[in-house]
Amino acid sequence: MDRVSAFDEPLKKLLGGATAKVMADHLDLHTVGDLLHHYPRRYEERGRLTALTDLPLDEHVTVVAQVADARIMMFNNGRGKRLEVTLTDGNGRLQLVFFGHGVHKPHKELLPGRRAMFAGKVSVFNRKMQLAHPTYQLLDAQDTDEATEAVDAFAGRLLPIYPACKQLDSWRIAKAVDTVLPSAQEAVDPLPLRLREGRGFTPLPEALLKVHRPQTKADIADARDRLKWDEAFVLQVALARRRYSDTQLPAVARRPGPGGLLDAFDAKLPFTLTEGQQKVSKEIFDDLATEHPMHRLLQGEVGSGKTMVALRAMLGVVDAGGQAAMLAPTEVLAQQHHRSITEMMGELAEGGMLGGSEQGTKVVLLTGSMGVAARRQALLDLVTGEAGIVIGTHALIEDKVQFHDLGLVVVDEQHRFGVEQRDALRSKGKQPPHLLVMTATPIPRTVAMTVFGDLETSVLDQLPAGRSPIASHVVPAKDKPHFLSRAWERVREEVENGHQAYVVCPRIGDDAEDEAGSGKGKKKAAEDDGEKRPPLAVLDIAEQLAKGPLAGLRIEVLHGRMNPDDKDDVMRRFAAGQVDVLVATTVIEVGVNVPNATAMVIMDADRFGVSQLHQLRGRVGRGSAAGLCLLVSEAHEASPARARLSAVAATLDGFELSRIDLEQRREGDVLGQAQSGVRSSLRMLTVIDDEEVIAAAREEAVAIVAADPELEHLPELRIALDALLDKEREQYLDKG
């Protein structure tokens, strides 16, 4: 076999069609190389039992344990049979349960004293942890051939436990790995020799052997160090090449002249910029002054003043003769940005109009739901250059939209914005425009280096003066219903004191949702997860509150399926203080600024991610009065969901929370759907723990790409890159 094809061999050839299909469908493993890079999640020691007391709820686990007792129970007047087995690790206990015809074999085999590996999903029944219908494999070779085989397969002391799925347990994956392990000798080593020797790394074939079949714990550490480096390095080379090719693109340098729009704007500002805003502005203006496109990520908490920094950059570009476009993820947010920017600019936003300033320019709004005449006028203002600034949704990207001279694109909330959209807008300029991406989701440095690796990063970490602290509490609605009653009393108290409140729900609750299939899908998912009900809905909760605990208050609803005018109307009335309580979906997550809103109740809070809860919470406490955020949940006290909520309640530091979020979710959804290249490549590296590895790999990668951009002298590295990223993935890599 030649060096590449050993790893490219389809699993079907070696493992048979049925196993290969399960691996492809459920674990995304297709080739020998994929399986060799499917590393054990952890290792159990042969003679040692797994601690049963701290198993995670709702997760698929593999444990090594001993049978304490087993008994057959009858139900349905003797028509039904159930086998209950109690496992022990010497301290904790775990219940297994088998039903119907499935009880005969385990009843014969799972005798008190036997040891085995068990795999299944952890659930709670009658307040006890249990596995229903787990698969198992005996480990003490007493009489079965299977047990003897298991002992032979794991002759070492360390049993590898693989990330598995319901259809394929860890030990069957281990068996498949044994079949393909000889191919590890064919591994192509992506690390240049100088780097390998300089850092004293184990050769790749040996690292693969050690990670799958370690003899000692030192073997595992050796293998991990090596395999982490491979992942970090290949990824950073891909990003470094992307940054390099960006620096080869031409762009028009945009340097604002004195006495223009920017100076006029600064002169009328009623406050001075924070130190952070000044520093970040300087970084941006330095980038804008160069002849290749700026690619910068601006991150800062809700309310840290990102819009002000972006607006000054846009004004600077208009001064220099270009146009600037700001892209928002929703119409509500585009309208809000348009309103706040025209208010901040005053007469400077009325260029060419009566009463407008001489230095001014036109600021136009462009969204999908605009009337024909307004749209035609906006398009005309853009193509003639009359409008220096345009704010809009992705309607800005349509073919019909032409610019006179697009110099800067500002994208708000990057994670809601796809790849093709960013590129389509980029192609609107005569030369590629400069790009500034803003996000209010704090991103740990390592993730910024990995996910947004083609963007230079600026951070606004000071909040402007006058922002109030937010107190957050978890409300356990199931265990302590009186806590929920108290929560509604608190909302009433805030309203009586002249303030306003948000109530957030995960779902809208109209029929369209069910017709669209999301309702059915949710119910199905709920059943699968053993949840008893679909997530709470805005329309239901609003009705219950109006009839019950918040009767007499002015309650309105807001959700994404309302027509834009109605949405805007509700938002405007809420901002004007004509609505006491706004019951909404996460449409309020970005952008809406109501300083008088002081309380927020988030229903089914465990259905939201950590970063999302933090974003939502940032909507209250925006004025001088303190904010209150109540996280209502029915999640079990010991569940990971409750731990997540307690973490959110315990800190207001977004960067700290984003670390927790990442630790809990691991990389998968943080890197997002468009990150297919990254996600499938990070198997050993954990973005959160391996900051030093990532930083060192980035440094090496930059040096190598600077010396040899096409990697002509490093064919093995090129092969590894191609495997990581087919061409499409390289395009996708860090579009977030």
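Check the entry above for the structure.
All residue numbers refer to positions counted from 1 along the written sequence of the respective chain. Owing to the predicted nature of the model, reporting of local features is limited to residues with pLDDT of at least 70; listing and counting of side-chain atom pairs is limited to 80 or more, with chain, interface and lining totals taken over all residues. Side-chain numbers here rest on the full set of heavy atoms in the structure, without hydrogens or water.

Comments concerning the side chain of S472
Operational definition: Secondary structure elements are defined from DSSP: runs of H or I of at least 4 residues count as helices, runs of E of at least 2 residues count as strands, and each element is numbered from the N terminus. The contact criterion used throughout is that any non-hydrogen atoms of two residues lie within 4.5 Å.
Mapped onto the secondary structure, S472 falls in strand β16 (residues 470-476). Residue contacts for S472: discarding those within four places in its chain leaves R617, C629 and A649.

Some points on the nonpolar core
Nonpolar side chains tend toward joint burial in soluble globular proteins. The line we're drawing: Think of a nonpolar core as a cluster: buried Ala, Val, Leu, Ile, Met, Phe, Trp, Tyr and Cys residues, connected wherever their side-chain atoms sit within 4.5 Å. The cut-offs for exposure are 20% and 50% of the maximum accessible area for each residue type, with area from a 1.4 Å probe on protein chains only; residues under the lower value are buried, those over the upper are exposed, and the others partly exposed.
If you look at the biggest cluster of nonpolar residues, it comprises 39 residues, and the most contacted ones within it are M314, M345, I389 and L408. Considering each element in turn, this core owes the most residues, 9 residues, to helix α13 (residues 306-319). Beyond its immediate sequence surroundings of up to four residues, I389 is in contact with L311, M314, L315, V318, A324, M345, K362, V363 and V364.

Structural notes on the packing of helix α11 (residues 261-268) against α13
As a reminder, the rule being used: Axes here mean lines fitted to C-alpha atoms, for a helix over just the part in contact, with angles spanning 0 to 180 degrees between N-to-C directions. In this classification, the charged set is Asp, Glu, Lys and Arg, the nonpolar set is Ala, Val, Leu, Ile, Met, Phe, Trp, Tyr, Cys and Pro, and all remaining amino acids, among them Gly, are polar.
Where α11 meets α13, the axes come as close as 8 Å, and the angle between the chain directions of the two elements is 145 degrees. Contacts between α11 and α13 pair L261, L262, F265 and D266 from the former with M308, L311, R312, L315, G316, V318 and D319 from the latter. Looking at the contact of α11 with α13 residue by residue, the classes come out as 7 nonpolar, 1 polar and 3 charged.

Some words on the packing of helix α12 (residues 275-288) against α13
For any two helices packed against each other, one specifies the crossing angle of their axes together with the interaxial distance. Spelled out, the test is: Handedness of a crossing is defined here by the sense of rotation of the near helix relative to the far one, left-handed for an anticlockwise turn of less than a right angle and right-handed for a clockwise turn.
Running from N to C, α12 and α13 cross one another at 30 degrees; their axes reach a closest spacing of 10 Å. Of the two elements, α12 crosses α13, and the hand of that crossing is right-handed. For the pair α12 and α13, contact is made by Q277, V280, S281, I284, F285 and L288 and by M308, V309, R312, A313, G316 and V317, respectively. The residue makeup of the contact of α12 with α13, split by class, is 8 nonpolar, 3 polar and 1 charged.

Side note on the packing of aromatic side chains
Worth spelling out the cut-off: Pairing of aromatic side chains here covers Phe, Tyr and the six-membered ring of Trp, requires ring centres within 6.5 Å, and sorts the geometry by plane angle: under 30 degrees stacked, over 60 edge-to-face, intermediate tilted.
In this structure the tally under the stated criterion is 5 aromatic pairs. On the basis of an interplanar angle of 40 degrees and a centroid distance of 6.1 Å, the ring pair of F118 and Y136 is categorised as tilted. Pair noted here: F118 is in strand β5 (residues 115-125) and Y136 is in strand β7 (residues 135-138), with a separation of 18 residues, a long-range link. Among the aromatic residues, those joined into a ring-pair cluster are F98, F118 and Y136.

A closer look at the pairing of strand β14 (residues 434-439)
Let me state the cut-off plainly: Pairing between strands is defined by DSSP: at least two bridges between the two strands are required.
Counting buried positions over the 6 residues of β14 gives 6, a clear majority of the element. Burial of β14 is two-sided: the residues H434, L436 and M438 facing one way and the residues L435, V437 and T439 facing the other way are all buried. Bridge count between strand β9 (residues 295-300) and β14: 5 bridges; the pairing is parallel. What sits directly across from L298, in β14, is M438. Where strand β13 (residues 406-412) meets β14, 5 bridges bridge the pair, whose relative direction is parallel. For V409, the partnering residue across the bridge sits in β14 and is L435.

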